[in-house]
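Structural description and commentary
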Amino acid sequence: MSKLGAVVEAVEKREKFVLEQVQRARTDQQFAQQVMDRWNKIKSEIPVSKTPTGLPLPRLALPELDEAGEIARYLFGDGLPGEFPFLNGAYREMYLEPLRQAEVQDKKSGSPNGSNGKKNGARPPEEPTRLFSGLMLAEDTNKRFHFLSAHQRSKRLSTAFDGPTLYGIDSDADGVFGKIGEGGVAVDTVEDMVRLYDGFEIGSPDFSASMTISGPAPIIMAMYIAAAKRRFGPGVVANLRGTIQADIFKEVQAQNETIFPIEASLRFLLDMIEWTSQNMPRWYPVSISGYHIGEAGSTPVQQAAYTLSNGFAYVEMLMARGADVNVFGPRLSFFLDCGLDAEYIALSRVSRKIWAIGMREVFGADRRAQMFKLHTQTSGRSLIAAEFKNNLTRTAAELMLAYMNGTNSCHSNSADEPFTTPSEEWIRLAAHGQAILLEESGIFKHTMNMLTGSPGMKAVERAVETAILDEFREIESLGGVMGAVENRYQRSQIQNAAHRYEQQIYDGTRPIVGLNRYRNAAEEMPEIELARTSRAKQKLQVDRLMKFKKKNAGKAKGALDKLVKVVERGENCFPALLEAAEVCSLGQITGRLQEVVGHFRPMV
Amino acid sequence: MAAPIRVLTAVPICDGHDSAINTINLEFIRHGIEVVYLGFHRYVGDIVRAAIQEDVAAVGISSYNGGHIEFFAEVVKQLKRKGAGDIKVFGGGGGTITHDDAREMKQKGVDQIFFAGTSLAEMAKFVHDRYGKPRGKRVKPKSADQELAHRLTAIEDGFQDGKRRTSNAERSTSKSEKRHQTSNIKHQTSVIGFTGPGGAGKTTLIDELVLRFLNHNSRSRIAILSHDPSVIGEGALLGDRATMINSQDDRVFMRSMATRGQAGGLSPATESCLNLLAHSGFDYVIIETVGTGQEALPFRNQLVDQTILVMNPDYGARLQLQKIVMLDVADIVVVNKTDLERAKAALSEIEHRLTQNKRKQQIVATVAKRHRDRGVDELFELITSKTGGKS
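Predicted, not measured: the structure shown is a model, and the values here were computed from it. (Residues numbered from 1 in each chain as written. Chains lettered and ligands numbered in written order. Predicted model: local features only at pLDDT ≥ 70, side-chain atom pairs only at ≥ 80, totals over all residues. Heavy atoms only, no water.)

Quick look at the environment of E295(B)
Position of E295(B) relative to the elements: it lies in the loop between strand 10 (284–288) and strand 11 (306–311). Along the sequence, E295(B) and G196(B) sit 99 residues apart, while their C-alpha atoms lie 11 Å from each other. (Helix = DSSP H or I, 4+ residues; strand = E, 2+ residues; numbered from the N terminus.)

Quick look at the structure:
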C-alpha cells in the first residue's frame, strides 16, 4: 500500500487538532491569552498602503475576530499567507505592489516578500504572467518570444512543442511530415534549442524558460542544458531557472504522450530530478500537472485529487531511492487548470493545504518543501469557437478565480485558441487581461486576502476537501497511484466525467453561451490567419536534422553506447544523457533507449 | 436483422488527444455500432491495414494536433491504392480543423468533417445514414488480406441474417492458401486459444508473444481473432488493437469480433471464421475470448490445438480455484502479473490445484507488461515446442 492513506489520516488528524485548539482557546485561559497576544501582534505589524485616491488599506486583510477560539481556528486551520498550512497562499505577499520606501519607514516591520524571499526595497516580486508559445521552427518561436516579451522586465517564456517532439520522434521519421512545427515548435537537436532561446540571457535571474513536454522530458532537459553551455559556458548550469513538465503519471492518466513503459519513464524522470535538484538549485524539474487531466474531461475534484496523489507518489518513490525530501521537495511544482465551475473558487487553496499537511506529517518535509508552488492556466476546454470573442469574458473570470486562489504564476488562454494556434493579436489581449487585473485594477495589488474568507468560499473549501479525501481513499484501495493506474482507474473516471460533461452540454443542463444558449444562428466562423508550417519550412527542418546527424555520426554512436551501458547498469543516466544530447538527435536517443527498455503500451 | 455497422476509429500519429474519440466511441456503441478502436498515436499505415483487415464500412479519425489535411488525405489515398476505396473516411478535430481545411479535405476524398458543436447523436445518425446500407457487390480484393477480410465479413453477416452458412465461405481455397500451395509448402497452422478473466492481461500477453513469433521466424505470419462483448441491445467496443504495439505489423492479420448476443466468450460466427483462418496459410492462429467467468468452457469441438488459460493472482480465496472449470482442461496455465504481492501464494495454490488433475498441464509465471519478460519467453518456448510435435 502507498502512503496516500497516511495522507488522508494526517489531514483528518489536522482537522481534529484544529478543533482541539479552538476548544482549548475557549477553556484554557493561558492559551487563550497567548492566542490573543499573537493575533494582536500580527495585526499591529501589518503595513498600510494607499490606493491612488489616497485611501489607506492594510497590506494583509484578516477576519474581524475578537474571540480566542475563532482566532485559533483561523490561525491553525487556514494559516496566514506564507504560513502552514498555506491555505491563503504560499507566500505572505504575492501580487502586491512594492511598498514605497516612505511607507516602509512608517511601519518598520518588513514583511517577507514573495517568491524570491527578499525584503522590500530589494528585487520586486516576480511577475506572475507567463507567455506560452510554440510554433513552426525554432527561429519562428524565438521571434514570437521576443515579440511577446519585448515590454516585460523579466522574460518568462513557456514553450509548446510539436507532436513529433512530444513523442520523441525526429522530423525526418517516416509518417510525420505534415506534423512538423504544428501545434508547437519542432526541436530535434541541441542546435534547435540554441535557436529557440537565441538572444535571451538564459542564465539571468530575469529569465526563465518553461517547457511543456513529458514523455521525452529528460532528453529535452539535457538538450536545454547543452544549448545553455554552448552559449554561456558550463558555469551557466547552476543559474538556469525554469520548469520542465516531465509529469509521467498525468500522461498515462490523461494526455497519452508517453514513449517508454511507465517504470522506465519514472526511472528516467527520477534520475533527472535527482541530478537537477543537486546541480540546478533554481530549476523545477517536474510540474505535477492537473491541467491536462482537467482538459481531458475530469471533474475539478478529480483533477486536484489525481494531481496531489501523483505528487505524493513521486515523493514516495524519490525517498525510496534515498533522495532527501528537503532537497528535492522545494523543486516540485504544480500546474492546475482553472475553469468556471464553482469548485475552482477554492480548488487550489485546498490543494495547497493538503500538500503541506501531507508533506509535513507523512514525509517529514521542512517548510520550503511543504509549499505547493502553483502555476495555473485558464481552461482551454471552457473556450468555444462559436462567437469566440465571448472567450475573453470566460478567461477573465477564470483569471480572477486563479488569483483569488493565490496562484504563483498564471497563463491566460487566447480567445482564438479553439480554432487555431493563437495569433499575436489575441495573445496580446490575453496577456493584457492579466495586466488589467493585477496592475490596473485595485483588486489584487493593495491587499493580500482581499477576496478570500467569504462564507461561500469556506463552504466550497469544505466540500472540495472532503471529496478529494474520498478520491484518495479510492486510489489507496486500488494499491495507491501505481495500482490505480494499472487498473486504469483514473483514465476511466476521467472518461466518464468527460462523457457526462458532453451530455450535459447537449441536454442543456450545462449552459454554454453561444452554443446551447443565445445561439446566433447567422454566425459564421471568423476569417483567421492560420499559423501553419509551410512545406518549405518543414523540409528545412528535415534537411538541417539530416546534416546534424551526418556531422555527428561518429560521436553519436559512442555517446549512445555509453548511455545504454549506464541504463543497463541501473545508474543515474542523466549525466550520460547530457553527453548524448550534444551529438545526438532526440529520435536517435529515444529510439536507442526504446531498444533497451521497450515501448510504452498505450492504455485505453 | 441487418448486421451492425462496423467502423474503425483512431487518433493520428503524434497525437494523444483521445478524450473526444472516447466519448464518441461510447455514443456510437449506444447507437448499435461496432467500433474497432485502434487508439491514439497511430500511423497512416496502421490505420489502413487495420481498416482493411477489419473490413469496416468507414474510418473515423479524430485529430487535434495539426497536420490533418495531409494525414486524412494519405489515409484516403492508401485505402484506394490498396483496393479498399469502398472504406470511407470521416472525422473531426474540434476547432483545429477550419471550414477551409474541411473543404480541401473533402476534395481529397474525405466524406465528412464534424466541427465543434456537432452533437454526438448527430454523428451517430450520420454513420447510420451513410454507412448503414447493406454492402452491395464487393470490389475484387487486391490482396490476400483483403480477400480474407471480405470472406470473414460474409461469414459474420451470414450468421446475423440467421442463415447459418456453415462452411461455404471457408471451403473454397483462399488466395493466400493457393499461394502457399503453389509454392509447394505444406502448411501447418497451429491454433492457440487464449481465455481467462477480464483484466488478466490476455491482450498484452498475446502482443508480447507476437513479437517473439515475428522475431523467431522472419517469414512467419500470424492471425489473431479477438473477441469483445456486445453490449446488450447495443454495439460493441472492440478495443484490443488499441493496446497492441507489436501486432501492428504486415505479417499479422487481426480481426476483432463482437459476441453479438452469444454467451460464453465467443461469437456465433467464431467457429466458421476460425476454420477459414486455419486454412489460410498462417503459421499461428491465435484466438482470444472475451473476459470469462468461472464456468466458461469456450473452446469446444476441438476448436483449438492448444488452450491457454491466463489468470492473474487476484482470483480471491483458494476455494475459488476449485470452481474454475478451465483449470481442468487448459494445456498451459499462465499466471500473469506475478509482480503483484499475492503472486507467490497464487502460484503454489494453482500448481496444487493442477496436480489434482493428473494431466500434463504446464504452469508459467509471467509479467507480460515487462519488456523482455523471461516468463513470456518461457511460454513462447512451450507453445512452439508443443506445436512442433503436432500431427
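Considerations on the nonpolar core
Counting 201 residues, the largest nonpolar core has Y197(A), Y224(A) and F472(A) as the members making the most contacts within it. A total of eleven residues in this core trace back to one element, the largest contributor, which is helix 8 (residues 217–232) of chain A. Among all residues touching Y197(A), those that are not within four sequence positions of it are N142(A), F145(A), L157(A), T159(A), I202(A), F207(A), A209(A), S210(A), M211(A), Y224(A) and R231(A). L209(B), I224(B), F380(B) and I383(B) belong to the second-largest nonpolar core, a separate cluster that totals 27 residues. (Core = buried A, V, L, I, M, F, W, Y, C linked by side-chain atoms within 4.5 Å. Buried < 20%, exposed > 50% of the residue type's maximum accessible area, 1.4 Å probe, protein only. Contact = heavy atoms within 4.5 Å.)

Quick word on the sheet that holds strand 3 (residues 58–62) of chain B
Residues and elements named next belong to chain B. Overall, parallel pairing links the six strands, which are arranged 5-4-3-1-2-8 in an open sheet. Of all strands in the sheet, those with a lone pairing partner are strand 5 (112–114) and strand 8 (236–238), marking the two edges. Within this sheet the neighbouring strands show an average axis-to-axis angle of 25°, counted without direction. Two elements, strand 3 and strand 4 (residues 88–92), share five bridges in a ladder whose sense is parallel. Pairing of G60 across the sheet is with F90, part of strand 4. Lying over the sheet, helix 5 (residues 120–131) contacts strand 1 (6–12), strand 3, strand 4 and strand 5, oriented at roughly 170° with respect to strand 4. (Pairing = 2+ DSSP bridges. Axes fitted to C-alpha atoms, helices over the stretch in contact; angles between N-to-C directions.)

Overview of the pairing of strand 10 of chain B
Residue and element names in this part refer to chain B. Across the five residues that make up strand 10, a large majority, five, are buried. Residue alternation in strand 10 divides its side chains into two sets, Y284, I286 and E288 and V285 and I287, and both sets are buried. Pairing of strand 7 (residues 222–228) with strand 10 involves five bridges; the strand directions are parallel. Residue pairing across strands places S226 opposite E288, the latter belonging to strand 10.

Notes on the confidence of the model for chain B
Residue and element names in this part refer to chain B. In the predicted model, chain B carries a mean pLDDT of 89, and the fraction of residues at 70 or more is 92%. The model gives residues 165–174 a pLDDT under 50, and that stretch makes 23 contacts with residues more than four places away or in other chains. Every residue in residues 176–185 is under pLDDT 50, and counting partners more than four places away or in other chains gives eleven contacts. (pLDDT = per-residue confidence, 0-100.)

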